[in-house]
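Spelled out, the chains give:
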Amino acid sequence: MISIKQLSRTFGTIKAVDEISFNVNDSEILGFLGPNGAGKTTTLRMLVGYLQPSSGYIELDGKDIFADPLAASRQIGYLPEQNPLYDEMTVNEALHYLAALRQLSKPFFKERRQFVVQNCGLQEVLHQKIGTLSKGYRQRVGLAQAILHDPRILILDEPTSGLDPNQIIEIRELIRSLGQEKMVILSSHIMQEVQALCDRVVIINKGRIIVDDRKDALPGYLQSSTRLQVELEGESID
């Protein structure tokens, strides 16, 4: 289980994340929702150890991830919103390069390479340079790199960005199947995506959590909102 306790991050005078707390359980797909600038990406960057919190804790099975960040990283696969790829490499070279960085054994890499190429739909572009790929294919390569080492935890920041409708369906199916045995944190600002994939939803706004509940409870929050109707009367009102 991942446990986040009173987590905060400031940038100068700006408090991007403001004392948030929530847990993520095994075999759970958690939707992490919020508008642009809400603090989603900053939170995910702290979860993977890229950013240090200003205060608070992130624990994996009761252990602070910053006490041994390399051990934590072996259990985490991360697809950031801005997908960093080496344009001069072919897709196949990039997978081999990442396997070497993670010190994967040759038999394990062979098995995982076959899995990610097939499930991320990379067969046709395996020997093509990444710099020549469309945004959709680049997103697939990023997802393949995130799951190559068979991590226990997947952190995906806008994973279907740039994909066409058919590709979105395929990647959603893959994420859904992976969520049966892994912890998945899926960041998105698209409600339909969360409804299609997630078991539970955390909504963040202005750095603070405003909802943490099961997906099927979301309509209740929407129904409880207040609607204000304004009528204007006068001349030349457009």
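Residues numbered from 1 in each chain as written. Predicted model: local features only at pLDDT ≥ 70, side-chain atom pairs only at ≥ 80, totals over all residues. Heavy atoms only, no water.

J.: Any details on empty space enclosed by the protein? Residues and values, ideally.
T.: For the coordinates displayed, the defined rule picks out one cavity of 30 Å³ or more. Within this model, the largest cavity holds a volume of roughly 40 Å³. What lines the largest cavity is I2, L47, I58, E59, L60, I65, I76 and I153. The element contributing the most residues to the lining of the largest cavity is strand β4 (residues 55-60), with three residues. Taken together, the residues of the lining of the largest cavity break down into seven nonpolar, no polar and one charged. (1 Å grid on protein atoms, 1.4 Å probe; cavity = no way out; pocket = protein on both sides within 12 Å on 5 of 7 lines; lining within 4 Å. Points joined across faces, edges and corners; volume = space filled by probe spheres on them. Helix = DSSP H or I, 4+ residues; strand = E, 2+ residues; numbered from the N terminus. Nonpolar A, V, L, I, M, F, W, Y, C, P; charged D, E, K, R; others polar.)

J.: Account for the layout of surface pockets, with residues named and values stated.
T.: Taken as a whole, the largest pocket holds about 980 Å³ of empty space. Surrounding the largest pocket, 34 residues form its lining, S73, I76, Y78, L98 and R102 being those nearest its centre. Here the residues of the lining of the largest pocket sort into 19 nonpolar, 10 polar and five charged.

J.: So what's going on with the sheet that holds strand β6 (residues 76-79)? Which residues, and what values?
T.: Spatially, six strands are ordered β6-β7-β8-β3-β9-β10 in an open sheet, and the strand pairing comes out mixed. Looking along the sheet, the strands with just one partner apiece sit at the ends: β6 and β10 (208-214). With strand direction ignored, the average angle separating the axes of adjacent strands in the sheet is 15°. When strand β7 (residues 153-157) meets strand β8 (residues 183-188), the two strands line up parallel, connected through five bridges. Residue pairing for β8: L154 is matched across the bridge by V184. This element, helix α1 (residues 40-47), spans β3 (29-33), β6, β7, β8 and β9 (200-205) of the sheet and lies at about 155° to β8. Against the sheet, helix α5 (residues 135-147) contacts β6 and β7, and its axis sits at roughly 170° relative to β6. (Pairing = 2+ DSSP bridges. Axes fitted to C-alpha atoms, helices over the stretch in contact; angles between N-to-C directions. Contact = heavy atoms within 4.5 Å.)

J.: Summarise the packing of aromatic side chains; cite the residues concerned and give the values.
T.: Across all of its chains, the model carries two aromatic pairs by this definition. Measuring from ring centre to ring centre gives 5.6 Å for Y86 and Y97, while their planes differ by 90°; the resulting arrangement is edge-to-face. Of this pair, Y86 sits in the loop between β6 and α3 (91-101) while Y97 sits in helix α3, and the two are 11 residues apart along the sequence. (Phe/Tyr/Trp six-rings, centres within 6.5 Å; stacked < 30°, edge-to-face > 60°.)

J.: Could you give an account of the packing of α3 against α5, naming the residues involved and the relevant values?
T.: For the pair α3 and α5, the least separation of the axes is 10 Å and the interaxial angle reads 25°. The orientation of α3 relative to α5 falls into the category roughly parallel. Crossing geometry of α3 relative to α5 is assigned as right-handed. Two secondary-structure elements touch here, α3 through V91, A94, L95 and L98 and α5 through V141, A144 and Q145. (Parallel < 35°, antiparallel > 145°, perpendicular 65-115°, else oblique. Left-handed = near helix turned anticlockwise from the far one by under 90°.)

J.: Just give me the short version of α1, but keep the residues and values in it.
T.: For α1, the tally of buried residues reaches six of eight residues, placing the bulk of the element in the interior. Those residues of α1 that sit buried are K40, T42, T43, L44, M46 and L47. Once α1 ends, the next one or two residues include G49, with phi positive near 85°. (Buried < 20%, exposed > 50% of the residue type's maximum accessible area, 1.4 Å probe, protein only.)

J.: Any details on the nonpolar core? Residues and values, ideally.
T.: Here is a general trend for soluble globular proteins: nonpolar side chains tend to be buried in one another's company. Residues V91, L95, L122, L143, I147, L148 and L156 are the most contacted members of the largest nonpolar core, which totals 44 residues. Counting residues per element, this core draws most heavily on α5, which supplies six residues. With near-sequence residues (within four places) excluded, L143 lies in contact with L79, C120, L156, I171 and L174. (Core = buried A, V, L, I, M, F, W, Y, C linked by side-chain atoms within 4.5 Å.)

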